[in-house]
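What follows is the residue order along each chain.
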Amino acid sequence: DDGNTRSIPEMEGGRVMIQIIGGNGDESSLNSQKTDQIIVKEGIKIIADFGVSSFSSNSETNVNEFPELDIFEGSKLCTFILGTFDGCVIFHLRPQVMVEPRVSTGPNVFNPLEAYEIDFSGSSLSLRIK
């Protein structure tokens, strides 16, 4: 802070919900669950739902004199930003389907995620600023 700027951020109505769901591909356990639940057949699915219903930032800065633009000593530059943001990020980590056999000397202990797909389909983000 240089002592010439004053900034007042505010936020209301924040929410964060994180779900971690896993499955092992067992069909019998999938049939016994309720239909309104999120089902993961294989792998791990992480769902992060977040948002803020209102955020604002009000800042005020002293401006140097610039007579050509009618800016004189003691003038201030004021900004006001108002907005909302929300979103849902869905991250699904599931084993890759190998279409051809591969020769391997064993599991890759240096990169255990090498044989997994990472899927972000179904994710959405929204930001509105005035």
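In the block above lies the structure referred to throughout.
Note that this is a predicted model, so its numbers are computed, not measured. Along every chain, residues carry numbers that run from 1 in the direction the sequence is written. Given that this is a predicted model, residues contribute local features only at a pLDDT of at least 70 and side-chain atom pairs are listed and counted only at 80 or more, while totals for whole chains, interfaces and linings are drawn from all residues. Side-chain measures were taken over the full set of non-hydrogen atoms in the model, leaving aside hydrogen atoms and water.

Enquirer: Looking at this structure, I do not really get the overall build of the protein. What am I missing?
Expert: Numbering of helices and strands runs from the N terminus, with a helix taken as a DSSP run of H or I at least four residues long and a strand as a DSSP run of E at least two residues long. Of the regular secondary structure elements, the protein holds one helix and five strands. Starting at the N terminus, the α and β elements of the protein follow one another as β-α-β-β-β-β. Out of the 130 residues in the protein, the part that is buried amounts to 13%. Summarising the internal contacts of the protein: among those between residues at least 6 apart in sequence, 70% fall at separations of at least 24. Carbon and sulfur atoms make up 56% of the accessible area of the protein, which amounts to about 10400 Å² in all. Buried, partly exposed and exposed residues are distinguished by accessible area as a fraction of the type maximum, computed with a 1.4 Å probe on protein chains only: under 20%, between the cut-offs, and over 50%, respectively. A contact between two residues is defined here by any heavy atoms of the two lying within 4.5 Å. Using a 1.4 Å probe, accessible areas were evaluated by the Shrake-Rupley method; residue-level cover was limited to the displayed protein chains.

Enquirer: Mind showing me how you'd approach a nonpolar patch on the surface here?
Expert: Each patch groups residues whose relative accessible area exceeds 30% and which form no salt bridge, using 9 Å between like charges and 5 Å between nonpolar side chains of Val, Leu, Ile, Met, Phe, Trp and Tyr. In the sections that follow, a salt bridge refers to a side-chain nitrogen of Lys or Arg positioned within 4 Å of a carboxyl oxygen of Asp or Glu. On the surface, Val16, Ile18, Ile20 and Ile44 cluster together to form a nonpolar patch covering roughly 430 Å² of accessible area. Considering each element in turn, the nonpolar patch owes the most residues, three residues, to strand β1 (residues 5-24). Checked against the element boundaries, Ile20 lands in strand β1.

Enquirer: How should the environment of Gly14 be read in this particular structure?
Expert: Checked against the element boundaries, Gly14 lands in strand β1. Each C-alpha atom, one on Gly14 and one on Val52, is 4.2 Å from the other, the two residues being 38 residues apart in sequence. With sequence-adjacent residues up to four places away left out, Gly14 is seen in contact with Gly51 and Val52.

Enquirer: I would appreciate a short explanation of the pattern of salt bridges in the present structure.
Expert: It is possible for side chains bearing opposite charge to pair when their charged atoms get close. Overall, the coordinates contain two salt bridges when judged by the stated rule. Salt-bridge contacts for Asp49 lead to Arg15; the nearest nitrogen and oxygen are separated by 3.4 Å. Of the two residues, Asp49 sits in strand β2 (residues 42-62) while Arg15 sits in strand β1, which places them 34 residues apart along the sequence. Under the relative-accessibility criterion, Asp49 is labelled partly exposed at 21%. For Lys76, the salt bridge identified is with Glu60, shortest N-O distance 3.4 Å. Placement of the pair is Lys76 in strand β3 (residues 76-95) and Glu60 in strand β2, with a sequence separation of 16 residues. For Glu60, a relative accessible area of 23% translates into the label partly exposed.

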